[in-house]
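One letter stands for each residue in the lines below.
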Amino acid sequence: MVAPRAVFEHSPNGVVYVRPTETLCAYPGRVTDSLRSWAEKAPGRVFLAQRGPSGEWETATYADAWSRVRRLSASLLKLGLSPATPIIILSGNSIEHALVALATMYVGIPYAPIAPSYSLLVREYGALEHVWQNLAPGMVFVQDGAKFAPALNAVLRGAVRVVHHGSAPDGFRSINFVDLENTEPSSDADRANEQTGPDAIAKILYTSGSTGLPKGVITTNRMLCSNQQMLRQVMPCLGEEPPVICDWLPWNHTFGGSHNFGIALYNGGTLYVDSGKPTPIPSVKLFATCERSPLLLILMFPRATKCWSSTCREILCYGATFFSG
C-alpha cells in the first residue's frame, strides 16, 4: 500500500489544512548553480532553442550558455552595475533574454522582465513610466531595439545604459549585445557570485496592473530553487529524464518565467522558445517546433490547451509527433 503523501486536517470553521508527509530534499543555493552543474554534466545538450529570423534553428547548449553568461556577467560589472542598479528587460522571450537574466543573477544584480505590451501596444506609457520610476534601472535590454525606441524615448532618463540585440533603437547610444558578450570571464564576476546566496534577490516580477498600477514582487534564489525541488518531488519524471519543453508563456509572469523556464534549467532539460500564441492559426509555429523533437511537457492554461489540441488533431502531420512524448 502506498503511503499518503499529504495529511488533511479539517478545522471546525471549515478550513482544511493540507500538510505534506514528505520532507523537502536539499536544493542549490542559487539559480545559476544549476546552469554550472549541467554545463559540467551535459555540456553538449541543448538548453535553449529558438527560430531565427529566416526560420533556421538557433540553439545554446549548456556549455555555451554557461560560457556566455560568465562573459556577460563580467561585462555587467565592468559597466558599473551592482545590486543597487537593477536591469530591466522590455522585450519578450528569447535566448538573449535568458542569457542576460542569468548573467544578472550570477553576479547578484536584480532584473525585472516587463510585459512587452507596456512598450509596444500603447500610445501612452503610464504603466511603463511607473515601473521605470519604481525600479530605477541602471540598464535596459531590448530585442529588435527599433520597435522600442518610442517607449524608451518616453521613459528613459539619466545615464541608463541601453543594450540591444538585432536592430538598434533610433536616437540612442546603445551597446550591441554581441559586443557585451565580447569580454573574457573574470574573477570579479566569480567573487560576486560567491557573495550571493539563497536570499539574494534574483528578479522582480511586476503584477499585471489589473487592479491598479503594477507592483513589484521580490523573488529570491531560495524561492525559485526550493519551488523547483518541490516540483521534482511531486513529479519525479522530471528527474528521471531531462524534460523537453515547448513554451510561449511570457517570462514576465511567474508561470512562464519561473515555473516553466525553471523546470528546464533545474532538471537539465531543453526549452524550445515558441513565438506563437493561444490562437489556432499562430499555433502552427508550435507544431513546427514539435516536428524537430517530441515533447515531454507543454504547460499552458486550459483555454490554450483546448485550442491547441483541437488544431493539432486537424494538422495530422504534426499530431503524431505532438502526442508521442
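No experiment lies behind these values; they were computed from the predicted model shown.

A look at the sheet that holds strand E4 (residues 57-61)
Consideration 1: Taken together, the four strands give an open sheet; going across it, the order is E4-E3-E13-E12, and neighbouring strands pair in mixed fashion. The open sheet terminates on both sides in strands that have one partner only, identified here as E4 and strand E12 (244-247). The mean angle between the axes of side-by-side strands here comes to 15°, regardless of whether they run parallel or antiparallel.
Consideration 2: In the packing of helix H2 (residues 62-78) onto the sheet, the strands contacted are strand E3 (46-51) and E4, and the crossing angle to E4 comes to about 75°.

A short note on empty space enclosed by the protein
Consideration 1: Taken as a whole, this structure holds one cavity of 30 Å³ or more when the rule is applied.
Consideration 2: Size it by volume and the largest cavity reaches roughly 210 Å³.
Consideration 3: In terms of lining residues, the largest cavity is bounded by 18 residues, among which Val 31, Met 105, Gly 257, Phe 261 and Gly 262 are the most central.
Consideration 4: Listed by contribution, the elements that provide at least two residues to the lining of the largest cavity are helix H1 (31-41), helix H3 (95-106), helix H9 (221-234) and helix H11 (254-266).
Consideration 5: With six residues, the single largest contributor to the lining of the largest cavity is H11.
Consideration 6: A per-class count over the lining of the largest cavity returns 11 nonpolar, six polar and one charged.

Observations regarding the packing of H1 against H2
Consideration 1: Put simply, H1 and H2 touch, their axes get as near as 8 Å, and they point 130° apart. Relative to H2, the element H1 is oriented oblique. In the crossing of H1 with H2, the sense of the turn from one axis to the other is left-handed. Here Thr 32, Leu 35, Arg 36, Trp 38 and Ala 39 of H1 lie close against H2, whose contacting residues are Tyr 62, Ala 63, Ala 65, Trp 66 and Val 69.
Consideration 2: Of the residues belonging to the contact of H1 with H2, the class tally is eight nonpolar, one polar and one charged.

Quick look at the packing of H9 against H11
Consideration 1: Between H9 and H11, the shortest axis-to-axis distance is 10 Å and the interhelical angle comes to 75°. Taken together, the axes of H9 and H11 are roughly perpendicular relative to one another. Within the contact between the two elements, H9 uses Leu 224, Cys 225, Gln 228, Gln 229, Leu 231 and Arg 232 and H11 uses Ser 258, His 259, Gly 262, Ile 263 and Tyr 266.
Consideration 2: Of the residues in the contact of H9 with H11, the class split is five nonpolar, five polar and one charged.

Here we look at a nonpolar patch on the surface
Consideration 1: Where nonpolar side chains cluster on the molecular surface, the patch consists of Phe 8, Val 16 and Val 18 and spans about 280 Å² of accessible area.
Consideration 2: You can see Val 16 is positioned in strand E2 (residues 16-20).
Consideration 3: Looking at Val 16, the relative accessible area reads 39%, which means it is partly exposed.

Quick word on unusual backbone geometry
Consideration 1: Notably, Ala 136 is not glycine yet its phi reads approximately 50°, a positive angle.
Consideration 2: Tracing the sequence through the fold places Ala 136 in the loop between helix H5 (126-135) and strand E7 (139-143).
Consideration 3: With a phi close to 55°, Asp 144 is a non-glycine residue in the positive phi region.
Consideration 4: Tracing the backbone through its elements, the reader meets Asp 144 in the loop between E7 and helix H6 (145-155).

Describing the nonpolar core
Consideration 1: Judged by nonpolar contacts, the single largest core of 49 residues is most densely connected at Leu 35, Phe 47, Leu 76, Ile 87, Leu 102, Phe 261 and Leu 265.
Consideration 2: Setting aside chain neighbours within four positions, we find Phe 47 in contact with Leu 35, Ala 60, Thr 61, Tyr 62, Ala 65, Leu 102, Phe 261, Leu 265, Gly 269, Thr 270 and Leu 271.

Let's talk about the pairing of strand E13 (residues 270-273)
Consideration 1: Burial of the side chains of E13 extends over both faces: Thr 270 and Tyr 272 are buried on one face and Leu 271 and Val 273 on the other.
Consideration 2: With two bridges joining them, E3 and E13 adopt parallel strand pairing. Note that in E13 the partner of Ala 49 across the bridge is Tyr 272.
Consideration 3: Sheet analysis places E12 next to E13, joined by four bridges and oriented parallel.

Cut-off values and rules
- Residues numbered from 1 in each chain as written.
- Predicted model: local features only at pLDDT ≥ 70, side-chain atom pairs only at ≥ 80, totals over all residues.
- Heavy atoms only, no water.
- Pairing = 2+ DSSP bridges.
- Helix = DSSP H or I, 4+ residues; strand = E, 2+ residues; numbered from the N terminus.
- Axes fitted to C-alpha atoms, helices over the stretch in contact; angles between N-to-C directions.
- Contact = heavy atoms within 4.5 Å.
- 1 Å grid on protein atoms, 1.4 Å probe; cavity = no way out; pocket = protein on both sides within 12 Å on 5 of 7 lines; lining within 4 Å.
- Points joined across faces, edges and corners; volume = space filled by probe spheres on them.
- Nonpolar A, V, L, I, M, F, W, Y, C, P; charged D, E, K, R; others polar.
- Parallel < 35°, antiparallel > 145°, perpendicular 65-115°, else oblique.
- Left-handed = near helix turned anticlockwise from the far one by under 90°.
- Patch = residues over 30% accessible without salt bridge, like charges linked within 9 Å, V, L, I, M, F, W, Y side chains within 5 Å.
- Areas by Shrake-Rupley, 256 points an atom, 1.4 Å probe, with all protein chains shown as cover.
- Salt bridge = Lys/Arg side-chain N within 4 Å of Asp/Glu carboxyl O.
- Buried < 20%, exposed > 50% of the residue type's maximum accessible area, 1.4 Å probe, protein only.
- Core = buried A, V, L, I, M, F, W, Y, C linked by side-chain atoms within 4.5 Å.

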